[in-house]
Structures are given as structure tokens and as C-alpha cells.
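# A closer look at the structure
These are the residues of each chain, in order.
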Amino acid sequence: MTQPSILVARAIFPEVLQSLAQVFEVQSNQADEVWSAAELTRRMQGKVGALTTGSERIDAALLQANPQLRIVANMAVGYNNFDVPAMTAAGVQASNTPDVLTETTADFGFALLMATARRVSESEHYLRAGLWQKWSYDMFAGAEVHGATLGIIGMGRIGQGIARRGAHGFGMNVIYHNRSRLSAELEADCKARYVSKQELLQSADHVVLVLPYSAQAHHTIGAAELAQMKPTATLVNIARGGIVDDAALAKALAARQIAAAGIDVFEGEPSVHPDLLKVPNVVLTPHIASSTVKTRMAMAQLAADNLVAYLTRGQALTPLNTVPGHAA
Ligand code: DGY
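These figures come from a predicted structure and were not determined experimentally.

## Some points on the packing of aromatic side chains
Working definition: an aromatic ring pair is given by the centre-to-centre distance plus the angle between the planes. In the structure shown here, the tally under the stated rule is 3 aromatic pairs. A centroid spacing of 5.3 Å and a plane angle of 75° characterise the contact between Tyr176 and Tyr194, whose relative ring orientation is edge-to-face. Of the two residues, Tyr176 is situated in strand β7 (residues 173–177) and Tyr194 in strand β8 (residues 192–194); the sequence distance between them amounts to 18 residues. Residue classification places Tyr176 among the buried positions, given a relative accessible area of 0%. You can call Tyr194 partly exposed: its relative accessible area is 28%.

## So, unusual backbone geometry
Cis rather than trans, the peptide bond between Glu269 and Pro270 has omega equal to 15°. One can find Pro270 in the loop between β11 (260–263) and α12 (274–278). One non-glycine residue, Asp99, lies in the positive phi region at around 70°. Positionally, Asp99 belongs in the loop between β5 (93–95) and α5 (102–117).

## Some words on the side chain of Gln93
Along the polypeptide, Gln93 turns up in strand β5. Taking the relative accessible area as the measure of exposure, Gln93 reaches 4% and is therefore buried. Within polar-contact distance, the side chain of Gln93 engages the side chain of Asn321 at 2.9 Å. Beyond its immediate stretch of four places on either side in the chain, Gln93 contacts Arg70, Ile71, Val72, Met87, Tyr310, Ala316, Pro319, Leu320, Asn321 and Val323.

## What to know about the site of the ligand
The environment of the ligand is formed by Ala76, Val77, Gly78, Leu101, Arg240, His287, Ser290 and Met299. Here an oxygen atom of the ligand and a backbone polar atom of Val77 are 2.7 Å apart. In this structure, Arg240 approaches the ligand through a side-chain N or O atom, which is 2.7 Å from an oxygen atom. Expressed as a share of its isolated accessible area of 230 Å², the protein-covered part of the ligand is 85%. Tallied by class, residues from the shell around the ligand come to 4 nonpolar, 3 polar and 1 charged.

## Observations concerning the pattern of salt bridges
Under the definition given, this model contains 14 salt bridges. Residue Glu122 pairs with Arg119 through a salt bridge whose shortest N-O separation is 3.1 Å. Glu122 sits in the buried class, given a relative accessible area of 16%. A relative accessible area of 22% places Arg119 in the partly exposed class. Residue Glu187 is joined to Arg181 by a salt bridge in which the shortest nitrogen-to-oxygen separation is 2.8 Å. The class of Glu187 is buried, set by a relative accessible area of 11%. Under the relative-accessibility criterion, Arg181 is labelled exposed at 55%. Several salt bridges converge on common partners, so that one network encompasses Glu103, Asp107, Arg164 and Arg165.

## Thoughts on the nonpolar core
Counting 51 residues, the largest nonpolar core has Leu20, Leu51, Leu150, Ile152, Ile162 and Ile238 as the members making the most contacts within it. Counting residues per element, the ones that place at least two in this core are β1 (5–8), α1 (14–21), β4 (71–74), α5, β6 (149–153), α7 (157–170), β7 and α13 (293–313). Ignoring any residue separated from it by four or fewer positions in sequence, one finds Leu51 in contact with Leu7, Val8, Ala9, Ile12, Leu20, Ala73, Met75, Ala300, Ala303, Ala304 and Leu307. Grouped together as the second largest cluster of nonpolar side chains are 30 residues, Leu201, Ala217, Ile221 and Ile243 included.

## Focus: the layout of surface pockets
Over the atoms a probe the size of a water molecule is rolled, and this reveals where empty space is left. Its boundaries defined by the atoms lining it, the second largest pocket holds a volume of some 170 Å³. Lining the second largest pocket are 17 residues, and of these Thr116, Arg119, Glu122, Ala259 and Ala260 sit closest to its centre. Contributions of two or more residues to the lining of the second largest pocket are made by α5, α6 (120–128) and β12 (282–284). The greatest single-element share of the lining of the second largest pocket, amounting to 3 residues, is contributed by α5. A class-by-class count of the residues in the lining of the second largest pocket yields 9 nonpolar, 5 polar and 3 charged.

Rules used throughout
- Every residue gets a number counted from 1 within its own chain, in the order that chain's sequence is written.
- In keeping with the predicted nature of the model, local features appear solely for residues at pLDDT of at least 70, side-chain atom pairs appear and are counted solely at 80 or more, and the whole-chain, interface and lining totals rest on all residues.
- The basis for every side-chain value is the complete set of heavy atoms in the structure, and neither hydrogens nor water enter the calculation.
- Paired rings are identified among Phe, Tyr and Trp, the last through its six-membered ring, by centres lying within 6.5 Å, and are further divided according to the angle between planes into stacked (under 30 degrees), edge-to-face (over 60) and tilted (the rest).
- The way it works is that DSSP assigns letters per residue, a run of H or I at least four long becomes a helix, a run of E at least two long becomes a strand, and they are numbered from the N terminus.
- The buried label applies to any residue whose accessible area, calculated with a 1.4 Å probe on protein chains only, is under 20% of its type's maximum; exposed applies above 50%, and partly exposed to all values in between.
- We define a polar contact as two N or O atoms separated by no more than 3.5 Å, with the added condition that, inside protein, one atom must be a possible hydrogen donor and the other a possible acceptor, whereas residues neighbouring each other in sequence contribute only through side-chain atom pairs.
- Any pair of residues with heavy atoms lying within 4.5 Å of one another is described as a contacting pair.
- We call a residue near a molecule or strand as soon as one heavy atom of that residue lies within 4 Å of the molecule or strand.
- Every accessible area reported is derived by Shrake-Rupley at a probe size of 1.4 Å, with residue values counting cover from the shown protein chains alone.
- Put simply, Ala, Val, Leu, Ile, Met, Phe, Trp, Tyr, Cys and Pro go in the nonpolar bin, Asp, Glu, Lys and Arg in the charged bin, and everything else, Gly too, in the polar bin.
- We count a salt bridge whenever a side-chain nitrogen from Lys or Arg sits within 4 Å of a carboxyl oxygen from Asp or Glu.
- What is meant by a nonpolar core is a set of buried Ala, Val, Leu, Ile, Met, Phe, Trp, Tyr and Cys residues, joined one to another through side-chain atoms within 4.5 Å.
- Points on a 1 Å grid over protein atoms alone make up a cavity when a 1.4 Å probe fits among them but cannot get out, and a pocket when they form an open set with protein on both sides within 12 Å along at least five of seven lines; lining residues each have an atom within 4 Å of a point.
- Grid points are joined across faces, edges and corners, and a volume is the space filled by probe spheres set on the points.

Here's what the structure looks like:
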């Protein structure tokens, strides 16, 4: 019996690829080329399943050109590269990789907050440039982290992880804003208080963005929001490019309207707004918040397990939509 054909659209751990090859006929992309939409559509031909990352867009046009497709498993918790309603309408299962990256991503959010507040990148660049001649009382004096007010926008699993780190580890006063308020138990666990977006922006010393991207969330932080923040405040974005208006942020940083920012995700990444590259008071990282070996392996394995579970048993492990089960 011939095995079902799947596409692994980007390079992944060879051992995960090998495990998929036990079950499927696999077309892989270990050269890790980022395909155009047309090329991705072409490579999907004849495939019943695909493993994607955030850089592959699954939309109505691709689905229409590939009516044989049954499941696309994203190796990411975020899935703004999927048109989920179009996938549901086409009877295609969508899945993501929640939970396995929560704590790792929260660690990184906190690391970026600390690097930003304590000016780690800026001072390292100074040292590497050979500019350090003497100790001085205000050299790279940054913002306090312990005991400060931490404002989190987007209080899902990762936001809660950051809240717990701030409240329990650093004695921070945690406030949050979210589409819906958490239960009293979760608020108590995170020691977090629900506030309006305006109150959060005006009173937080450190604002961390962890909300999913959607059209409504586009430019959640733009010029108007940056103007509401304290001039001593820092901003961290580990959510998605487009949540922050990067041009407005670069302007605010250059004008010292806010003290500093830590940015892991960018509008139009991997391109970075050129003005962000010019300002010193920003820590820039290339979308690596979930990137530890253990977590990236767990994400790849969960995406692979979703393909196997759906195509052999008709049930994905972490589905994003409801479609009739399909055993290949
Ligand atoms: C995610 O899981 O959504 C991360 O941003 C990695 O893409």
C-alpha cells in the first residue's frame, strides 16, 4: 500500500523528519528555502498533509489549488499565517503547538525585559567598540525591574507565565489587559490585577506584549499609545510583528518618549524597519522567544504528531478548527 504524501515546508530536526518518513512519503525542504506562495502551492500538489512554520501562508487560493489537502500542522503556537475560516470551509484541519513552548517563551520575554531595562545590548556594544575608559556613577543607568509595575497586554498562557515570574520572582506589581478577564483563581495565581489598556499604558514601568495577532490587534501600540507611556518606561514585543507600529516606535525611541524597547518580532520580518536599527535604546532579536533546543524539538514533534494522529486516526492532538475526521 502506498503511503500518504506530506510536505515538510521548512527544515526541521532530522530525527523528526525520519519519524515522519516511517509513516508517510515525505517531501522535505532541508535546504530551508523560503518558498514564494506560488512555489508553496506547487509543492503542495498531491500532498494530504503539510508541516509549516509561521512563514508559510495557507489561504483560500492555496487550498483551492490543492483540494486533496487534509491537514496543515503549524510548528508554532501563533497561527496568523493560516486563514482558519478558509481551511474549515475547505475541510482542512489546522493545528498548532500550544503548551510545549509556554514556559520557554515566558523565560525569553522576561530575559528581553531585563536586557531592555538594564541596557544589556547597548552597554555591550559600547564595550566591544572599545569605548569603556572608566567607571562612572551613571554609566548605563537603567530602570529598576524588581518592585516595578509590570503591565502585560495579552494574558494567555505565556502572559500568565511572565506575570508569575514578575510577581513571584521579582516582587513586581502586575497589571494586565486582555480581551477577557481571567478567573479569580488565575488572577490570584499570577498576582495580577485587570486594568484598562489606558491605565496599563499610563502606569506600567514595563509593558510586555503577548497577544495573538489579528486584524483588530494590528498596531495595538502606535504613536498614540506610546505617547501615553511614561518617559521612563520600556516596551517588550514577543507577540507578533504588526502588533507594534515599528516606525512609530523607532520615532518614540529616538525622541526618548519612552526609555527603551526589546523587540523579538517585526512588521515584515525578517526585514527590520531601518530606523529601529539606528536607535541605540532597543534590544533586537530575530524571533527566537521559543528557541531552546528542547522546546523547538518539542514543537517539531508535536506538529509531526498532529499529522500522524489526524491522517492515521482522524483526530489531531491540538486542533484549531473542527472538520470532519479523515483517515488517509
Ligand atoms: C510561535 O510559536 O508562535 C512562535 O512565535 C514561533 O514562531
